[in-house]
Amino acid sequence: MKKITLTICLLLALAANAQQEKGIIGYANWLDNWTEFKPQKTESKDANQILAGNITENTKLMKKNVYILHGNVYVTNNSVLTIDPGTVIIGDAATKGTLIITKGSKIMAEGQETDPIIFTSNASMKKAGDWGGLVILGDAPINKFGSVGSYNMDLDPALTVYGGNNAASSSGILKYVRIEFAGRKVKGADAFNGLTVAGAGNKTVLENIMVSFSGGDSFAFYGGDVNASQLVSYKSINDDFKITQGAQCRLFNSLAVRSSYLSSNKDGSRCLEVKAYEKKNETDFTKKSTFVSASNLTLLNDSENIKADVQSGLVKEAIYVGENTALELKRSVVSGFNPAVLLDSKTEMNADNLKKIKFEEMFFNQCTGNIFTENNTDNSDLENWYGNSIFSNVYSQTDNKETFVDIYNAKRPDYRLQLGKITASSGR
């Protein structure tokens, strides 16, 4: 009798702790406490410290102060910028403040779940593109000629070089950090990104980072050897995750939430864009091309009327895979796009490329078409390939409210899949 009772208790405990294996995972909602989904309603604090020009020696920013980034601020001379948990750094909207961690220097911004580090805007009416963003430059490999690139915005070219041969280098730590309303537009160029990581090595720690309302991409990885987890992109105007220039990127347990009504280009913006290069004539094809291994992503269009948005052309693909790249995506959710995946028209559908572009244990939901090749209306071969039962991909047309735990909770949304409530079928 004791054994039976013990077994029942054990089974009940396991059921209580069960979690959905696809999409973002966690026995608890790891978005609680440190994220903010309505930053427009958060009042700006008044700064009492100015950051300007070059930071040339080890410097510590403390929670008791509020700092303002005045113009372009560079951390140089192999210096370390340390930021205490709970510190607020304001990007000045008037001077378009931007923080650049130059090659050889480091940022040590290790917030806490209940005390995150916050980068935000000081505008009275906060909006995407109020200030520049955070740029981290390292000395890990990229696939440009000479193994060196420059982040060519309106920045000092001598201080924006990145790339090298040290894949195991560290550019520091970003943990429990929020970046809000960054991504200013640069005349004659693209917009800044919320977080730009160029040539960073795999000892760099990137965990629990939320980028909200970015005027450019939320997260952009140019080359390097990168590990990242628990990244959150919320309502970016451009792409949520852009990975290019030969980056070797491992991305885990991360979330992108798009709005149908926010997009900065006529072709639409994507949750995940994987490309081999930015400019083909600058690319050394003898070097490693871009490789992304990602699992447990949730890529979501949160529209309450997805079908209408699809018909009106407001919704594009969630994932774009360029030529000469490799993407392995597993146990992830793509919900509410048209289609789910678009492959570059130059990518031939042969055995070699199909081995490099993998979709396994996926949950494709409310997508008008799943995997297409660009400029090709007949995707039957791809559907048959990725629809094979050996890949364990699932296709569904389930309403968002039924699919996710509680995504319309204004204060504490939960983007995990509802356990046991997915009305999915393997049909296409």
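Reading the values: rules and limits
- Residues numbered from 1 in each chain as written.
- Predicted model: local features only at pLDDT ≥ 70, side-chain atom pairs only at ≥ 80, totals over all residues.
- Heavy atoms only, no water.
- Helix = DSSP H or I, 4+ residues; strand = E, 2+ residues; numbered from the N terminus.
- Buried < 20%, exposed > 50% of the residue type's maximum accessible area, 1.4 Å probe, protein only.
- 1 Å grid on protein atoms, 1.4 Å probe; cavity = no way out; pocket = protein on both sides within 12 Å on 5 of 7 lines; lining within 4 Å.
- Points joined across faces, edges and corners; volume = space filled by probe spheres on them.
- Nonpolar A, V, L, I, M, F, W, Y, C, P; charged D, E, K, R; others polar.
- Pairing = 2+ DSSP bridges.
- pLDDT = per-residue confidence, 0-100.
- Contact = heavy atoms within 4.5 Å.
- Salt bridge = Lys/Arg side-chain N within 4 Å of Asp/Glu carboxyl O.
- Polar contact = N/O pair within 3.5 Å; in protein donor to acceptor, adjacent residues only side chain to side chain.
- Phe/Tyr/Trp six-rings, centres within 6.5 Å; stacked < 30°, edge-to-face > 60°.

1. A short note on the overall build of the protein
Part 1 of the reasoning: Scanning the protein from N- to C-terminus turns up five helices and 30 strands.
Part 2 of the reasoning: Counting the 428 residues in the protein, one finds 57% classified as buried.

2. Description of the layout of surface pockets
Gaps left between atoms show up when a probe the size of a water molecule is rolled over them.
Part 1 of the reasoning: In this structure, the second largest pocket encloses a volume near 280 Å³.
Part 2 of the reasoning: In this structure, the second largest pocket is lined by 19 residues; those nearest its centre are T42, E43, K45, V88 and I118.
Part 3 of the reasoning: Where the lining of the second largest pocket is concerned, the elements lending two or more residues are strand 5 (88-91), strand 8 (117-121) and strand 12 (172-180).
Part 4 of the reasoning: By residue class, the composition of the lining of the second largest pocket is six nonpolar, five polar and eight charged.

3. Let's talk about the environment of F363
Part 1 of the reasoning: Its location among the elements puts F363 in strand 26 (residues 363-365).
Part 2 of the reasoning: A sequence separation of 29 residues divides F363 from V334, and the C-alpha atoms of the two residues are 6.3 Å apart.

4. A look at the pairing of strand 6 (residues 98-101)
Part 1 of the reasoning: Side chains of strand 6 alternate between two faces, with T98 and I100 and L99 and I101 buried alike.
Part 2 of the reasoning: Inspection of the sheet shows strand 3 (residues 66-75) paired to strand 6 by four bridges, in the parallel sense. From the neighbouring strand, N72 faces strand 6, where its bridge partner is T98.
Part 3 of the reasoning: Of the strand pairs in this sheet, strand 6 and strand 9 (residues 134-137) are connected by three bridges, and their pairing is parallel. The residue of strand 9 that forms the bridge with L99 is L134.

5. Notes on empty space enclosed by the protein
Part 1 of the reasoning: With the rule as written, the count across this model stands at one cavity of 30 Å³ or more.
Part 2 of the reasoning: Roughly 30 Å³ of internal volume is contained in the largest cavity.
Part 3 of the reasoning: Lining the largest cavity are N143, K144, Q245, Y277, E278, K279, E282 and T283.
Part 4 of the reasoning: Counted by class, the lining of the largest cavity contains one nonpolar, three polar and four charged residues.

6. Let's talk about the confidence of the model for the protein
Part 1 of the reasoning: Overall, the prediction assigns the protein a mean pLDDT of 89, with 89% of residues at 70 or greater.
Part 2 of the reasoning: Every residue in residues 1-17 is under pLDDT 50, and counting partners more than four places away or in other chains gives one contact.
Part 3 of the reasoning: pLDDT under 50 marks residues 423-428. Its contacts with residues more than four places away, or in other chains, come to 14 contacts.

7. Focus: the pattern of salt bridges
Side chains that carry opposite charge are capable of pairing whenever their charged atoms lie near each other.
Part 1 of the reasoning: A full pass over the atoms with the stated rule returns 21 salt bridges.
Part 2 of the reasoning: Salt-bridge contacts for E323 lead to K280; the nearest nitrogen and oxygen are separated by 3.7 Å. A residue pair is termed long-range when its members are at least 10 positions apart, and E323 in the loop between strand 21 (319-321) and strand 22 (326-330) and K280 in the loop between strand 19 (272-274) and strand 20 (291-301) qualify at 43 residues.
Part 3 of the reasoning: A salt bridge links D284 to K287; the shortest N-O distance between them is 3.9 Å.
Part 4 of the reasoning: Connected through salt bridges with shared partners, the residues R270, E273, K275 and E317 form a single ionic network.

8. Here's the deal with the environment of K126
Part 1 of the reasoning: As for its position among the elements, K126 is in the loop between strand 8 and strand 9.
Part 2 of the reasoning: The buried category is assigned to K126, whose relative accessible area is 14%.
Part 3 of the reasoning: Once the C-alpha coordinates of K126 and S44 are considered, the two residues, 82 residues apart in sequence, prove to be 9.5 Å apart.
Part 4 of the reasoning: Those residues in contact with K126, other than ones at most four positions away along the chain, are P39, Q40, T42, E43, S44, T120, S121 and F181.
Part 5 of the reasoning: In terms of polar contacts, K126 uses its side chain to reach the backbone carbonyl oxygen of T42, at 3.0 Å.

9. Re the packing of aromatic side chains
Part 1 of the reasoning: Taken as a whole and judged by the stated rule, the model has 14 aromatic pairs.
Part 2 of the reasoning: Each ring, one from F359 and one from Y386, has its centre 5.3 Å from the other, and the planes form 75°; the classification is edge-to-face. Within this pair, whereas F359 is found in strand 25 (residues 357-360), its partner Y386 is found in helix 4 (residues 380-386), the two being separated by 27 residues in sequence. Like Y386, F359 is buried.

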